[in-house]
Amino acid sequence: MAEIVIDGITYSFDGKPKLLDFILSKDKDVPFFCYHPSMSAPANCRMCMVKVGQYVKNRETGDYELDDQGERQIRWFPKLQTSCNMDMMDDMIVHTHETDDLVKRAHKDTLEMILINHPLDCPICDQAGECPLQIQTYKYGPEGSRFEVKKQHKPKHVQLGPRVTLDAERCINCTRCTRFTDEISQSHQLTITRRGDKNHPTTAPGTEFDDPYSMNTIDLCPVGALTSTDFRFKARVWEMNQTPGLDITNGKGVNVDLWTRDNVVLRITPRHNPHVNEYWMTDKGRDAIHLYNEERLSTPAIRLHPKDISLVMSSWDNAYQTTQEIVESTDPKQILVLGSPYASVEENGAWMQFSEAILKQLPSYTTHIEKGSGDGFLLVDDQAPNTHGCELLGLKKRTKAAFKKAVAEAKVILSLHDDYIERGWLSEEEIKGKTWIYFGTNHTQMAKAATLTIPITCAVEHTASYINVDQRIQRTYPAKETKYTNRRLDLEMSEGRLDRFGTKFDHWVNEDHKVDCKPLWEIVGDLSLLWGHTLSYRHGRDVLDALGSKIPALEGVTYQAMDDQRGLLLTLSETQEASS
Amino acid sequence: MSDWRTYEPVLIPNIAGLNRLETYRKHGGYDALHAVLHDQNTWPDPASVVQEVKEANIRGRGGAGFNAGLKWSFMPPADGRPRYLACNGDESEPGTFKDRKIFEYNPFLFIEGATIAAYAMSITTIYVYIRGEYRSWIHKMEKAVSDAYDAGLLGQNILGSDFSVDLVLHSGAGAYICGEETSLLESLEGKRGYPRVKPPFPSQRGLWGRPTTINNIETLSNVPGVIRNGADWFKSIGVDSHPGPILYGISGHVNRPGVYELPSGMPVMTLIEEVAQGMRNGKKLKAIIPGGSSTPILPAKDLEDLTMDADALRGAGSMMGTAGMVVMDEDTDIVETLWRISKFYHHESCGQCTPCREGTGWLEKILEKVVTGQGTTRDLDLLLDITSQMEGRTICALADAAAWPVRYTISRFRDEFEARCKPSLIPVG
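Residues numbered from 1 in each chain as written. Chains lettered and ligands numbered in written order. Predicted model: local features only at pLDDT ≥ 70, side-chain atom pairs only at ≥ 80, totals over all residues.

All names here are of chain B. Strand order in the open sheet formed by five strands is S6-S5-S11-S8-S9, and the pairing between neighbours is mixed. Looking at the sheet topology across the chains shown, the edges are occupied by strand S6 (258-263) and strand S9 (298-299). Where strand S8 (residues 285-289) lies against S9, two bridges are found, and the strand directions are antiparallel. Each bridged residue has a counterpart across the sheet, and for isoleucine 288 the counterpart in S9 is leucine 298. Contacting strand S5 (245-252), S6, S8 and strand S11 (324-329), helix H11 (residues 268-275) runs over the sheet at an angle of about 65° to S5. (Pairing = 2+ DSSP bridges. Helix = DSSP H or I, 4+ residues; strand = E, 2+ residues; numbered from the N terminus. Contact = placed C-beta atoms within 7 Å. Axes fitted to C-alpha atoms, helices over the stretch in contact; angles between N-to-C directions.)

Dropping the structure here:
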C-alpha cells in the first residue's frame, strides 16, 4: 500500500486517486471552482494549488536519501500543482495552504485575479449566500483589490434558453456548464466563445439552450452567471427552508431538495444520491413547483345538484357523511375504487385497507407508461412515481379497455389522484350520471367533473415513500405546512431562519399559503370511524408499519433505514416482476 | 565566428526554382528519404533514424529548444493503430517569420523531413498546421503537396517501398494560442484552441487520443541534411550545445531586415552590423528582443560578445526563442513598446486559466495608464507583482510569455518608466 504525507500527516491509499479528491475525503479543505467529481478536470481555475514533492530515493539501494540533519531529502516540483488533476504517487509530500505560505499566497492571488473583472454585485445576485466564489473569497481571498482600472464589460441578462439566463460578467469561465452539456447531458449545446477576458459560455448562433437537463448548469455554476429564469430575483437563499424530497414527475425517483419560503415551494434542486441520480435532475422535475403551489384543492367541495356547473365548499364532516351516505345507498358491486401510481405506498396502502374493510373490494389502478419517452438517463418511460408500489401492494392493474368497462358498469367511483379526463381515457360525457368522489391535490379536470372532492396532502406535505422504476423505495419529508400541521411541532420539518426568528405578524407570513387538506391515511381513518372501524393512522410511519407486517418485501423497511442507506433496494417477487 | 561569410545555406539555399519538385530532386532532394527507405545497410530500421537524429541534437526551433530525436524516442512502440505527426507552422509570435521562407523557397525540404520523421516514428498521417494569415504560403504548400503525391513521394508505397503516409494541410484561423502544441491539437480536432493539461503528454495521448509528436517546420527541415550528411556534419555547424543552421529573422531598425540562414551561435553584433548591414539612419542601438516578443529584452550594453545560442542567451538573462530578433534604436519608446506587446498577449490569451485571462488584461490596462502619463511608480511595482502572480501558474506558457516582457523590460529600463510616472509612496502589498 502506498503512502502520502499531507501537511505532516501520513495517509495510506490504494490505486491512483486524484489528490484533490483524496484531500477532500479526509475532511480537509482545498478551494476549487472548476473541478466537479463527476466530470473531467480541466484544471483551468488554478485555485486548488498545492505544493507537491517526493522523497528522493537512491536508485541503486532503494533507500531514502538523507540530508545533513538525517531527514529524508525532498525533491519539490518546480511549480505549484493543481491538485484536481494530480495523480497520487507513493512517497509524495503535499503542503496545502494550512502549512505553506506560498500556497496561501497562490490562493489569494488567484482570487484577486478572478475578482478583478467580476461585477461584485452580490447584493442583487441570486447566487449570494450559496456562492462558492463568495465563500472562498471570505476564506482565502485578499482583503481588498488593487484593480483601479476599467473592468471588462460583457453581455448581461442573455436568455440562453427557455429556462436559463446568463450574466456573462459574473462568469469566471470554469467551463462546468459546457462540460455538463458535453459529458453528462451530451446535448453539446453550450460552448465558450471569444478569447481571454472577453470569453463566456453561449449557444451556437440561432439555437437555444433547451436541453431537458439545462437547469443543472445553474446548480453547477460556481457564481451567479447562470441563473434560473423562473427563480431569478424571487428569494434570498438564507430566507428559505431546505427540505429533502423526491421528484414525483416520473418513475426515476430523483432525489431533490425543496426550497420553501412561507410555505411556497420556490425552487427544486437535485440532491446527491449515487444510486439514483448522482447530482442531476430533469428540468421537468423542477417545474413541479407549480403542482405544489398552484391550483390546489383546499377544503372539500361538493356538487349540490348534478346540473350545477361548479362545486361549493363543504366542511370535512359534511364531506365524510356525504361519502358514507353515497356508499351505503349503493350496491357494493356498483362501486369502483381506484388507487393510483401517482400516490405513495402509504396512501395506496391505507386506501386498500379502507376499501377491503368497508367496500369489500380490492382497488384497481392504471399505469402511465409512455413507451419511448425515456432517454436512458433520468427521463424514463414510466410517468408515475410509484407504479412498483401499486404492484407490490397487489392492487389490481387494469388496461385502458378494462378500466373503461369498469367505469361504465359502476355507479359510484372513488378515485385517487389520476386525471383520466386530461389523459383522454374518459370524457365528461362518460361520467355523466355517475357519482365520482375524487381524492386529489389539484384542480384537475377530474376534480372539476367530480361530485365530491376531498383534498389530500401532496408529496411535499407529508412523509411517505415511493418505489421507483429500479425498485428502490425512498421517502419524502414534509416541506410545506397544511392548515393542520405546525413546523415548530413537527420535528421532521425544516425550520428556516424566518421560521425560527420571525413572528406570526411579520409581513412575509401569509396564512393562505397553507392548504386545507389532510393526509389520505387520516381521512381514511376518519371515514372508517363512521362504519365503526378504526383504521387509525396519525403518520405515514403507522401505515408503513402496518404494511410491513402484511407484505414480506416491506418487512423491516423503515424511514430510518431509507435515510441511512439513501433508499432501500427491494426485491419484488417473480410474479410481480413479470406483471410489470 | 569567422566562417559565417563562407557558410553555404542548406535550408534556403540560393538556388532558383527550388520550390519546383524537379529542381529540388536535381539538387539531391529526396536522396535522404530514398536512403532511409532502401539502404538497408545504413538504415536497417526506423530506430536507427531516430538514433541518428537524436545524435545530431537538433534543438527544437519553435522556441523550447528540446532535442528533436529525443522527442521522437518518446513515442510508444507502434501498435498498428493510427499515430500522428503534427507540424507546427502557426508562427504567430511577433518578430518571427522564418517558416514561411521554407514554405516559399524550399517546401519539399520540409515535406521530405516530415516524411522521414513519419517513417522513423511509424506515423500514419502528417498534419501541417499553417498560420491562417499565410494565405499565399498555404497555396504554395498545397501545390507542393499535390506535386509530391503525384510523384509518389506521399501517399501509398512511397518510392516503391512498403511505407505509406498521408499529409494533410490545415489552415489556422488566426489565434496565436493555436501555436501552442496541445491547443494546436485541439484546433486540428476542430475544437476551441484551449491548451491541454499535461500529463498526459502528446506522445501518450495526442491527436484524437493517439500518440502524436509535434515538431516545428524548421526543425523538420533539418532532418534530410542530418540523414544525408550524418549527425557529425550537423554538429560541426555552429556551437556545440546548440548545433546546426538557424534561420535568423532580423526585423526592426536595421538597414536590411530579413531572414538569414547562418550557423548557430552568431554574435548578436555581427548579425546587426554586418548581416543586417547596420542600424537604420546610423542611429545608436538601444536594445534587442532576441527570439520573438515573449523573450526578455536585452539592453545594448549587454550585447557585446553575446552569441545567439540557447546557453549564451540564458546566461545573459534572455532566451533563444525562435531567433526572431527585433532590433530597436535609440528613438524607441520602451514604455510604449512594452504596452504594445502586452496588448498583443491580452488579445491572444485564450482565457482558459484565471491568472492569464485576467492578468494579461490587467497588465495592459496599467501599462496604458503609464503610457498616457496617468501612472504612478506604485503601478510599476504592481506590474511586477502581477507578473509573479501569473508566472508558472497556468496550463501553458502564454502567461509566462506575457509576464516576462513586463518583468524584464521594467527591471532593465526602470528609469525610463519612472520618468513617465508620478511618484507614489503607497506600498503595493
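From this point, things continue past the structure.
Facing the 27 residues of chain A at the interface are 26 residues of chain B. Mapped onto the side of chain A that touches chain B, the elements with two or more residues apiece are helix H2 (101-116) and strand S9 (190-193) of chain A. Looking at the side of chain A that touches chain B, the element that brings in the most residues is H2 of chain A, giving six residues. A breakdown of the residues in the side of chain A that touches chain B according to their chemical character gives 11 nonpolar, nine polar and seven charged. (Nonpolar A, V, L, I, M, F, W, Y, C, P; charged D, E, K, R; others polar.)

Once that is clear, we can look at the sheet that holds strand S23 (residues 465-467) of chain A. Residue and element names in this part refer to chain A. One open sheet accounts for three strands, arranged S23-S24-S25; its pairing is antiparallel. Strands with a single pairing partner mark the edges of an open sheet, and in this sheet they are S23 and strand S25 (568-569). Here S23 runs beside strand S24 (residues 472-475); their pairing, made up of three bridges, is antiparallel. Residue tyrosine 466 lies in a different strand from S24, and its bridge partner there is glutamine 474.

A few words on unusual backbone geometry. Omega for the bond connecting lysine 198 of chain B with proline 199 of chain B falls within 30 degrees of zero, at -5°, which places this linkage in the cis form. Relative to the elements of secondary structure, proline 199 of chain B occurs in the loop between helix H8 (181-188) and strand S4 (212-216). The linkage connecting proline 199 of chain B with the following residue, proline 200 of chain B, adopts the cis geometry, with an omega of 0°. For proline 200 of chain B, the position within the fold is in the loop between H8 and S4. Even without being a glycine, histidine 157 of chain A presents a positive backbone phi close to 30°. With respect to the helices and strands, histidine 157 of chain A occurs in the loop between helix H3 (132-140) and strand S7 (158-159). Of the residues examined, histidine 157 of chain A has 11 C-beta atoms within 10 Å and is grouped as exposed. Of note in this structure, phenylalanine 233 of chain A is not a glycine but carries a positive phi near 65°. Within the element layout of this structure, phenylalanine 233 of chain A appears in the loop between strand S11 (226-228) and strand S12 (241-246). Of the residues examined, phenylalanine 233 of chain A has 9 C-beta atoms within 10 Å and is grouped as exposed. (Buried ≥ 20, exposed ≤ 12 C-beta atoms within 10 Å, placed from the backbone.)

Bring the parts together and some accessible area is lost; that lost area is often taken as the interface size. Residue and element names in this part refer to chain B. Domain boundaries assigned for chain B yield domain 1 (3-235), domain 2 (245-329) and domain 3 (334-419). On a C-alpha basis, the centres of domain 1 and domain 2 stand 26 Å from each other. Counting residues at the interface gives 19 residues for domain 1, matched by 20 residues for domain 2. Across the side of domain 1 that touches domain 2, the residue classes break down as eight nonpolar, five polar and six charged. (Domains from an automatic or database assignment.)

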